[in-house]
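Examining the three-dimensional arrangement
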Amino acid sequence: EAKGAGRDAARFYEPAIEQLVQQRLLLEQQLRHALQAGELSLHYQPRVRADGHGVVGVEALLRWHNAVLGEVPPAAFIPVAEETGLIRPIGAWVIEQACAQLAAWARQGLTGFGVSVNLSSVQLSEPGLVEHVRSCIAASGIAAHALEIEITESLLMDNAPQADQQLAALKGLGVGLAIDDFGTGYSSLAYLKRFSIDKLKIDQSFVRDMLTDPTDLAIVRAIVALAHTLGLQVVAEGVETGHQAAQLASMACDELQGYCFARPMPAVQLERWLRTRGAQPQRRRAEAIRP
Ligand code: C2E
Ligand code: MG
Ligand code: MG
Ligand code: MG
């Protein structure tokens with residue numbers, strides 16, 4: 001009976017759940033205006049070569065500061081942005097902003113590195129994506145290969161039919177493609193053959209415990225070997241200690257990213273970081289982190 005069902009449903013609707021729903025509504029409400037209100041910004045985290053630690057790229061990471069909610073982490077608002085479709089304008093802005101920033105750095109004489117952006121699966125299913133990327137590259141004047149797009153394994157599986165076309169078109173522009181959080185998604189490796197991927201980013205969960213957990217170390221080794229066998233570059237994410245960096249370098253991992261080198265930071269702070277770093281001999285740094 002309908003009345004009874006309603007009462008049952010009401011019984012499940014407890015204050016804790018109501019609070020969650022309210023929080024989620026508030027987040028969504030605030031997120032709707034975040035872009036126009038200028039509450040979003042990008043932080044940039046350097047990625048360095050494992051041998052010598054020269055900076056090869058920076059990853060653009062979204063930050064949201066809201067007057068009501070404070071600093072909201074991407075893990076909390078990206079899923080909401082994806083579910084509401086807000087990730088379309090936000091994601092488009094990220095690409096535009098990242099390209100413009102790289103061009104601005106080049107004008108300041110800060111060159112020799114590229115920029116990576118994270119792409120959500122919602123964006124990949126948008127027909128205008130490739131044209132948007134093309135126009136951001138053209139408008140900023142950066143080299144297409146200086147832009148790298150990070151996608152996750154699940155994105156490839158969810159979008160398989162469209163992903164083929166869109167990724168091929170992106171590759172056609174000359175941008176790089178990296179698989180983010182590699183090893184945590186579907187373990188089907190068939191897509192590595194189907195899509196022209198340039199790079200694998202080993203998920204930070206494997207890197208975190210690689211020095212204490214032999215299984216994690218074995219997984220990291222296997223991913224490095226897999227990448228190199230397929231002619232791909234491999235990056236370790238979440239490198240927090242010099243010991244991890246040295247171990248990864250000895251395994252011939254190509255690039256490293258993590259707090260060991262730098263946290264994500266605003267553009268101005270990154271400029272300072274790049275300049276002070278450039279003044280220091282790279283060799284010294286490499287020696288300093290050897291165990
Ligand atoms: P991700 O793309 O895998 O980015 C790496 C995350 O690890 C970042 O978290 C970064 O701050 C963090 N990290 C870097 N080095 C270390 C380390 O040494 N130790 C630890 N514990 N963490 C480290 P963040 O900035 O909170 O971003 C989380 C996720 O949110 C990203 O994971 C990405 O999936 C998503 N995201 C961020 N910005 C964007 C964006 O513009 N678009 C989309 N679609 N997703 C984004
Ligand atoms: Mg990423
Ligand atoms: Mg990752
Ligand atoms: Mg991630």
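Keep in mind that what you see is a predicted model, and the values were worked out from it rather than measured. (Residues numbered from 1 in each chain as written. Chains lettered and ligands numbered in written order. Predicted model: local features only at pLDDT ≥ 70, side-chain atom pairs only at ≥ 80, totals over all residues. Heavy atoms only, no water.)

1. Side note on the coordination of the magnesium ion (ligand 3)
- Every protein donor of the magnesium ion (ligand 3) is accounted for by D180 (OD), D181 (OD), E237 (OE) and E237 (OE), and the metal-donor separations fall at 2.0 to 2.6 Å.
- Mapped onto the sequence, the residues coordinating the magnesium ion (ligand 3) show the spacing D-D-x55-E.
- Here the magnesium ion (ligand 3) and the magnesium ion (ligand 2) are spaced 4.3 Å apart, linked through D180, which binds each one. Of the two residues, D181 sits in strand β6 (residues 176-182) while E237 sits in the loop between β8 (233-236) and α12 (242-250), which places them 56 residues apart along the sequence. (Donors = N, O, S within 2.8 Å, 3.2 Å for Na, K, Ca; no water. Helix = DSSP H or I, 4+ residues; strand = E, 2+ residues; numbered from the N terminus.)

2. A few points about the site of ligand 1
- In the vicinity of ligand 1 lie 21 residues, with R63, N118, D180, E240 and Y259 positioned nearest.
- D180 places a side-chain nitrogen or oxygen 2.8 Å from an oxygen atom of ligand 1.
- Contact with the protein chains covers 81% of the free accessible surface of ligand 1, which is 800 Å².
- Elements represented by at least two residues in the shell around ligand 1 include exactly β2 (55-66), α3 (74-84) and β6.
- Residue composition of the shell around ligand 1, grouped by class: eight nonpolar, six polar and seven charged. (Near = heavy atom within 4 Å. Polar contact = N/O pair within 3.5 Å; in protein donor to acceptor, adjacent residues only side chain to side chain. Areas by Shrake-Rupley, 256 points an atom, 1.4 Å probe, with all protein chains shown as cover. Nonpolar A, V, L, I, M, F, W, Y, C, P; charged D, E, K, R; others polar.)

3. Describing a nonpolar patch on the surface
- Together, I17, V21 and L25 give the surface a local cluster of nonpolar side chains, amounting to about 220 Å² of exposed area.
- For I17, the position within the fold is in helix α2 (residues 15-34).
- Accessibility expressed as a relative area gives 37% for I17, which makes it partly exposed. (Patch = residues over 30% accessible without salt bridge, like charges linked within 9 Å, V, L, I, M, F, W, Y side chains within 5 Å. Salt bridge = Lys/Arg side-chain N within 4 Å of Asp/Glu carboxyl O. Buried < 20%, exposed > 50% of the residue type's maximum accessible area, 1.4 Å probe, protein only.)

4. What about the environment of W273?
- Here W273 shows up in helix α13 (residues 267-278).
- Overall, W273 belongs to the buried group, its relative accessible area being 16%.
- For the pair formed by W273 and P46, sequence separation is 227 residues and the distance between their alpha carbons is 9.7 Å.
- Once residues within four sequence positions are removed from consideration, W273 is found in contact with P46, V55, F261, A262 and M265. (Contact = heavy atoms within 4.5 Å.)

5. Observations regarding the pairing of strand β1 (residues 40-49)
- Most of β1 is tucked away: eight of the 10 residues are buried.
- By the bridge criterion, nine bridges tie β1 to β2 in an arrangement that is antiparallel. Looking at β2, one finds that L42 is bridged to L62.
- In this structure, the hairpin formed by β1 and β2 is closed by a connection of five residues, where G52 is found at a positive phi of approximately 100°.
- Relative to strand β9 (residues 255-256), β1 is paired through two bridges, and the arrangement is antiparallel. Bridging across to β9, R49 finds its partner in E255. (Pairing = 2+ DSSP bridges.)

6. A closer look at the packing of aromatic side chains
- In total, this model carries three aromatic pairs according to the counting rule given.
- With 5.5 Å between their ring centres and 80° between their planes, W64 and F77 make a pair best called edge-to-face. With W64 in strand β2 and F77 in helix α3, this residue pair connects regions lying 13 residues apart in the sequence. For the residue pair W64 and F77, the accessibility class agrees, reading buried in each case.
- Geometrically, the ring pair formed by W105 and F113 is tilted, given 5.7 Å between the ring centres and 50° between the ring planes. Across this residue pair, the class does not change: W105 and F113 are buried.
- Site record: aromatic cluster; members linked through ring pairs are Y44, W105 and F113. (Phe/Tyr/Trp six-rings, centres within 6.5 Å; stacked < 30°, edge-to-face > 60°.)

7. Here we look at the confidence of the model for the protein
- Residue-level pLDDT values for the protein average 89, and 89% of them are 70 or greater.
- Taken over the whole predicted complex, pTM reads 0.91, whereas the ipTM for its chain interfaces reads 0.98. (pLDDT = per-residue confidence, 0-100.)

8. Brief notes about the packing of helix α4 (residues 87-107) against helix α6 (residues 129-140)
- Their axes nearest at 9 Å, the elements α4 and α6 cross at an angle of 20°. Here α4 is positioned roughly parallel relative to α6, judged by the angle of their axes. In the packing of α4 onto α6, the handedness of the crossing is right-handed. From α4, A92, I95, E96, C99, A100 and A103 reach across to α6, where they touch L129, H132, V133, C136, I137 and S140.
- Of the residues contributing to the contact of α4 with α6, the split by class is nine nonpolar, two polar and one charged. (Axes fitted to C-alpha atoms, helices over the stretch in contact; angles between N-to-C directions. Parallel < 35°, antiparallel > 145°, perpendicular 65-115°, else oblique. Left-handed = near helix turned anticlockwise from the far one by under 90°.)

9. Here's the deal with the side chain of K199
- Examined against the element boundaries, K199 turns out to sit in strand β7 (residues 199-202).
- A distance of 2.9 Å separates polar atoms of two side chains, one belonging to K199 and the other to E148.
- Residues within four places of K199 in sequence aside, it is in contact with R47, E148, L177, A178, I179, Q233, V235 and E255.

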